[in-house]
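Structure assessment
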Amino acid sequence: MYFLTSRTTLFLSFLFFGFFAIFSTAEAKIKALIIDGQNNHIVWPRSTIMMKQYLEESGLFEVDINRTKYTWKGTKREGDWLPLAGIEGTEDLPNPKADPDFKPNFKAYDVVISNFGVNAADWPDETKMAFEAFVKEGGGFVSVHAADNCFANWDAYNRIIGIGGWGGRKGKSPGAYVFYNDAGELIRDEKPGKKVGGHGGREEFPITVRVADHPITDGMPKVWRTTPDECYANLRGPAEQMTVLATGKDQTEKAPSDKHEPMLMTIEYGEGRCFHTTLGHDIPGFEGVGFIVSFVRGTEWAATGKVTFPLPEDFPTEENATSRPFKLKE
């Protein structure tokens, strides 16, 4: 009979557990939570399903959804986004009524993605405190499009997203308008202003990368085109520890600004990281490859501080926007 020496046994144990640890690490997924339930955009809640699928298809994430309670206005509105969201019927957008039971367990996740809109009612104080602590202690947060319209009177939220618009911010928002001028200079304009938030029509527009060596923008062309989307303008806020990664220039007839407006941003809040994208107004915007890739990369960065998701061959160029028609994964 053959007996292993204690030294051999110890070596094999280390070998086994070493392989196990490597395998486990390779298989570990980033835990992501999408929160929604009150959004003034008709693309909701289809957009939540789209973002969930984009993250899961990357192979990096496992994704849950936590939705506030909501009531419907009852105005008839048809659209294929309803069955995609698991909602039957032809109702309109939800009313912004506070949900006292909205209490996600933020700490169970690496990153939280907000798909709320300007009509979002205030969260319970307990939930707000839990969210602030989650980000401050190192959790990741992603603000998508109208999520920067929410909670104008919530100081910590404004600091976490850096800048925002609409939602009661008119004429009283502290902080600065942040933008780039035609000379390529970053401007912080802290003069009082009544206009906070605006956009022209929905068309393709150029995105200019301002920080090319950040993990989110690494490898992107200096300029690339969006699919038809809104170019947010005149956003303002504390803009503390905020880096503008890329800007957009509204080229529509009713453009509210001739500035190069922030489109992709990162914000540090305590130990936490926030990725803020103003892209993603409706289905064409969400189907844009530029949106999809920057969203997945931004979410990975917010969760981990690094990016492994590669830039695809169909990423848009300065001349051509690219799109991926969405197909619900069964």
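Everything quoted here is computed from the prediction, not taken from an experiment. (Residues numbered from 1 in each chain as written. Predicted model: local features only at pLDDT ≥ 70, side-chain atom pairs only at ≥ 80, totals over all residues. Heavy atoms only, no water.)

1. Details of the sheet that holds strand 11 (residues 236-237)
Here we have three strands laid out as an open sheet, ordered 8-7-11, and antiparallel in their pairing. Pairing within the sheet leaves two strands with one partner each, and these edge strands are strand 8 (186-189) and strand 11. The pairing of strand 7 (residues 176-180) with strand 8 spans four bridges and is antiparallel. The partner of Val178 across the bridge, within strand 8, is Arg188. (Pairing = 2+ DSSP bridges. Helix = DSSP H or I, 4+ residues; strand = E, 2+ residues; numbered from the N terminus.)

2. A look at the packing of aromatic side chains
Applying the stated criterion across every chain, the model contains 21 aromatic pairs. Seen in terms of ring centroids, Phe106 and Phe134 are 6.1 Å apart; in terms of plane orientation they differ by 35°. Their pairing is tilted. Here the residue Phe106 occupies a position in the loop between strand 4 (94-95) and strand 5 (111-114), and Phe134 occupies one in helix 4 (residues 125-136), the gap between them amounting to 28 residues. For Phe106, a relative accessible area of 2% translates into the label buried. (Phe/Tyr/Trp six-rings, centres within 6.5 Å; stacked < 30°, edge-to-face > 60°. Buried < 20%, exposed > 50% of the residue type's maximum accessible area, 1.4 Å probe, protein only.)

3. Structural notes on the packing of helix 2 (residues 46-57) against helix 7 (residues 289-304)
Close contact between helix 2 and helix 7 brings their axes to 10 Å; oriented N to C, the two are set at 70°. Between helix 2 and helix 7, the angle is such that the two are roughly perpendicular. Taken as a pair, helix 2 and helix 7 cross one another with a handedness that is right-handed. For the pair helix 2 and helix 7, the contacting residues are Met51, Tyr54 and Leu55 in the first and Phe291, Ile292, Phe295, Val296 and Thr299 in the second. Residue classes in the contact of helix 2 with helix 7 are distributed as seven nonpolar, one polar and no charged. (Axes fitted to C-alpha atoms, helices over the stretch in contact; angles between N-to-C directions. Parallel < 35°, antiparallel > 145°, perpendicular 65-115°, else oblique. Left-handed = near helix turned anticlockwise from the far one by under 90°. Contact = heavy atoms within 4.5 Å. Nonpolar A, V, L, I, M, F, W, Y, C, P; charged D, E, K, R; others polar.)

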